[in-house]
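Structural features, examined
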Amino acid sequence: MIRIITIVNQKGGVGKTTTSVNLAAALGIYEKKTLLIDLDPQGNATSGIGIDKDKLKYNSYEVLIGRIDPKTAAIKTDVPCLDVIGSNIDLTGAEVELVHEFAREHKLKEALATFTDEYEYIIIDCPPSLGLLTVNAMTACTDLIIPIQCEYYALEGVSQLLNTIRLIQKNLNPDMNIMGIVLTMFDKRLNLSNQVAIEVKNYFKEKVFKSVISRNVKISEAPSFGKSIMHYDIKSLGAQNYLQLAMEVIER
């Protein structure tokens, strides 16, 4: 069975795209056949894995509206065992076009049903909102991973997100599971980071991954070179953090 993992949090700047790209790359390093789907019109996951988003022949917009088979849109990356369905500004039109469509929340799920044994994992990067694109990603997935940054207001908006998750479980995807919460931008030297980590663990308990993503300059630099942290500097703390997270995902 393919595990379809949606990386979701309606807040911006929490590490969704960073986690999507680097978790997908780490799974590839572990020789797990993985597909990364960029479902954010900004296309940062696409460029962050080394694909020119402005030169895509096919993208996630065309997959979502049912214009093409997703197998046609999947392109190989420089990362072993990792393909990507990229995104660009075209995707902004999808929410408008789908608004009057029947079962519009299920469009991505229907598209991904064409995959059988091509991949072991599909990782979906969402935009920083709870709009129709994110709802499609949550309806299509088997699991959710929620990145939460170790900064002030970390838990702001989490109750709204959890309410949306409950509504989708009730009405659209009863089998959706919260695989885990991943703490990002952690700095063990800061009292605030440690306090947020304690607060998140008290709130989510065993759902919090043991792997924590430390604040690391290499993680910030890697996207500007179109590389995952694994291929930018695999010896860095950030790369080791994401390799540990990928192993936890495989075990869970």
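The residue count restarts for each chain, going from 1 along the sequence in the order it is written. Only residues with pLDDT of at least 70 get local features here, since the model is predicted, and only at 80 or more are side-chain atom pairs given and counted; chain-wide, interface and lining totals rely on the full set of residues. Side-chain metrics rest on all non-hydrogen atoms present in the structure, leaving aside hydrogens and water.

1. Quick word on unusual backbone geometry
If you check the backbone angles, glutamate 31 has positive phi at about 65° while not being a glycine. Turning to its location among the elements, glutamate 31 is positioned in the loop between helix H1 (16-29) and strand S2 (34-38). Residue classification places glutamate 31 among the exposed positions, given a relative accessible area of 62%. One non-glycine residue with positive phi stands out, namely cysteine 81, at about 65°. The way it works is that DSSP assigns letters per residue, a run of H or I at least four long becomes a helix, a run of E at least two long becomes a strand, and they are numbered from the N terminus. The buried label goes to any residue with under 20% of its type's maximum accessible area, the exposed label to any with over 50%, and the partly exposed label to all in between, with areas taken from a 1.4 Å probe on protein chains only.

2. Focus: the sheet that holds strand S1 (residues 3-7)
Strand order in the open sheet formed by 7 strands is S3-S4-S2-S5-S1-S6-S7, with mixed pairing between adjacent strands. Because the sheet does not close on itself, it has two edges, and the strands there are strand S3 (75-76) and strand S7 (177-184). Note on pairing: two strands pair once DSSP finds at least 2 bridges between them. In terms of strand pairing, strand S6 (residues 143-149) meets S7 through 7 bridges, oriented parallel. Following the sheet pairing, proline 147 is matched in S7 by valine 182.

3. Structural notes on the packing of H1 against helix H12 (residues 237-251)
A fitted line through C-alpha atoms represents every axis, and for helices the fit uses only the stretch in contact; the resulting angles, taken between N-to-C directions, go from 0 to 180 degrees. Running from N to C, H1 and H12 point in directions that differ by 70°, and their axes come no closer than 8 Å. The pairing of H1 with H12 is recorded here as roughly perpendicular in orientation. When H1 is examined against H12, the residues Thr18, Thr19, Asn22, Leu23, Ala26, Leu27 and Ile29 are found in contact with a partner set consisting of Tyr242, Leu243, Leu245, Ala246, Val249 and Ile250. Each angle receives one of four descriptions, namely roughly parallel if under 35 degrees, roughly antiparallel if over 145, roughly perpendicular if within 65 to 115, and oblique otherwise. The criterion used for residue contact is that any of the two residues' heavy atoms lie within 4.5 Å.

4. Focus on the pattern of salt bridges
A side chain with one charge can pair with a side chain of the opposite charge if their charged atoms come near. Salt bridge, as applied in this entry: a Lys or Arg side-chain nitrogen positioned within 4 Å of an Asp or Glu carboxyl oxygen. Under the counting rule described, the total for this entry stands at 6 salt bridges. Across the pair glutamate 151 and arginine 215 runs a salt bridge whose closest N-O atoms are separated by 2.2 Å. Here glutamate 151, found in the loop between S6 and helix H8 (158-171), pairs with arginine 215, found in the loop between helix H9 (191-204) and helix H10 (217-221); they are 64 residues apart in sequence, far enough to count as distant. Glutamate 248 is the partner of arginine 252 in a salt bridge, and the nearest nitrogen-oxygen pair spans 3.7 Å. A residue is classified by how much of its surface remains accessible, and arginine 252, at 39% relative accessible area, is partly exposed. Judged by relative accessible area, glutamate 248 falls into the buried class, the value being 10%.

Honestly, that's just the spatial picture; any functional story needs more than this.
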